[in-house]
Amino acid sequence: MTANEKTKIVIADDHKMLRESLCMLLDMEDDFEVVGQAADGVECMKLLQETETDILLLDISMPRVSGLEVAREMYRSRPQIKTIILTMHKNEEMLADAFSHGAKGYVLKENAFEELAQAIRSVRGGKIYVSQELAPILLTGFMENERAGKDLSTREMEVLKLLAEGNSNKEIAEILSISVKTVENHRANIMHKHNFRNITELVLYAVRNHIIEV
């Protein structure tokens with residue numbers, strides 16, 4: 001992106017007043033341009049197919065198709081679009097679900113007016129952003145994992161990072177130039193060493209330990 005090029009943003013939320021308020025907020029920034037709004041998941045996916053977009057601001061709870069499903073589909077079909085989840089949910093399971101579905105940011109609606117511009121610039125710059133209010137949740141999990149003291153190999157760390165970023169086994173195999181079977185073995189070892197019961201717990205570990213950058 002050149003110095004004078006604006007970040008193109010789509011806002012997807014079923015609350016019209018919130019969409020319009022966020023639109024006015026973002027229009028005050030010289031480097032942002034809101035290029036579209038959607039009120040439900042189906043409308044959002046259609047809009048994204050038709051509109052050049054850099055950042056998608058996405059509510060989790062939307063009619064017809066949920067925000068998480070939209071995030072996963074966009075990560076699969078248009079990975080150049082970076083998704084930031086806008087939500088009222090403060091629990092770590094929802095946070096992990098968002099990242100496992102391909103989101104790159106997680107902003108609480110109550111903090112949106114203070115944090116959204118920073119979140120957009122962070123995500124556009126290749127980082128992951130999580131609302132500052134959720135830092136205690138991440139810190140608690142970090143301390144728990146530190147006490148566990150179970151180290152991963154360099155290759156396992158690479159696989160863990162790619163899994164946490166939402167890549168499939170096949171995609172990881174292609175990125176690392178290894179077989180899918182080898183990826184599956186690394187994944188099984190990672191899950192066993194840390195007693196992860198599912199990919200959600202793996203993503204939380206990656207966020208807590210800054211394996212994916214926050």
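Procedures and definitions
- Residues numbered from 1 in each chain as written.
- Predicted model: local features only at pLDDT ≥ 70, side-chain atom pairs only at ≥ 80, totals over all residues.
- Heavy atoms only, no water.
- Pairing = 2+ DSSP bridges.
- Helix = DSSP H or I, 4+ residues; strand = E, 2+ residues; numbered from the N terminus.
- Contact = heavy atoms within 4.5 Å.
- Axes fitted to C-alpha atoms, helices over the stretch in contact; angles between N-to-C directions.
- Core = buried A, V, L, I, M, F, W, Y, C linked by side-chain atoms within 4.5 Å.
- Buried < 20%, exposed > 50% of the residue type's maximum accessible area, 1.4 Å probe, protein only.
- Parallel < 35°, antiparallel > 145°, perpendicular 65-115°, else oblique.
- Salt bridge = Lys/Arg side-chain N within 4 Å of Asp/Glu carboxyl O.

Let us now look at the sheet that holds strand β6 (residues 129-130). Taken in spatial order, the 6 strands of this open sheet run β2-β1-β3-β4-β5-β6, and their pairing is parallel. Of all strands in the sheet, those bounded by a partner on one side alone are β2 (32-38) and β6. As defined by bridge partners, strand β1 (residues 7-12) adjoins β2 across 6 bridges and the pair is classed as parallel. Bridge pairing links I11 to Q37 in β2. Taken strand by strand, helix α2 (residues 41-50) contacts β1, β2 and β3 (55-59), and its axis lies near 135° from that of β2.

Our next topic: the nonpolar core. One finds C44, L56, L58, F99, Y106, L160 and L202 to be the most contacted residues of the largest nonpolar core, which totals 50 residues. The element that contributes the greatest number of residues to this core is helix α10 (residues 199-208), accounting for 6 residues. With residues up to four places along the chain from it excluded, the contact list for F99 reads K104, G105, Y106, I128, Y129, V130, A164, V203 and V207. Judged by nonpolar contacts, the second largest core, of 20 residues, contains L26, L57, I84 and Y129.

A few words now on unusual backbone geometry. Here R64, not a glycine, exhibits a phi torsion of approximately 70°, which is positive. As for its position among the elements, R64 is in the loop between β3 and α3 (67-77). A residue is classified by how much of its surface remains accessible, and R64, at 63% relative accessible area, is exposed.

Below, the discussion takes up the packing of helix α4 (residues 92-100) against α10. Interaxial distance between α4 and α10 falls to 8 Å at its minimum, and their mutual angle equals 90°. Considered as vectors, α4 and α10 are oriented roughly perpendicular to each other. Judged by residue contacts, E92, E93, L95, A96, D97, F99 and S100 of α4 engage I199, T200, V203, L204, V207 and R208 from α10.

A separate point is the pattern of salt bridges. Considering all chains together, one arrives at 15 salt bridges under this definition. For E73, the salt bridge goes to R76, with nearest N and O atoms at 2.7 Å. Of this pair, E73 and R76 both sit in helix α3, 3 residues apart, which is roughly one turn of the helix. Judged by relative accessible area, which is 25%, E73 ranks as partly exposed. What makes R76 exposed here is its relative accessible area of 58%. For the salt bridge of K161 with E165, the shortest nitrogen-to-oxygen distance reads 2.6 Å. Taken together, the shared-partner salt bridges connect D13, D59 and K109 into one network.

Before going further, it helps to examine the environment of A173. By the secondary structure assignment, A173 is in helix α8 (residues 169-176). With relative accessibility at 6%, the residue A173 sits in the buried group. Here A173 is in contact with I178, S179, V180 and V183, once residues within four sequence places are set aside.

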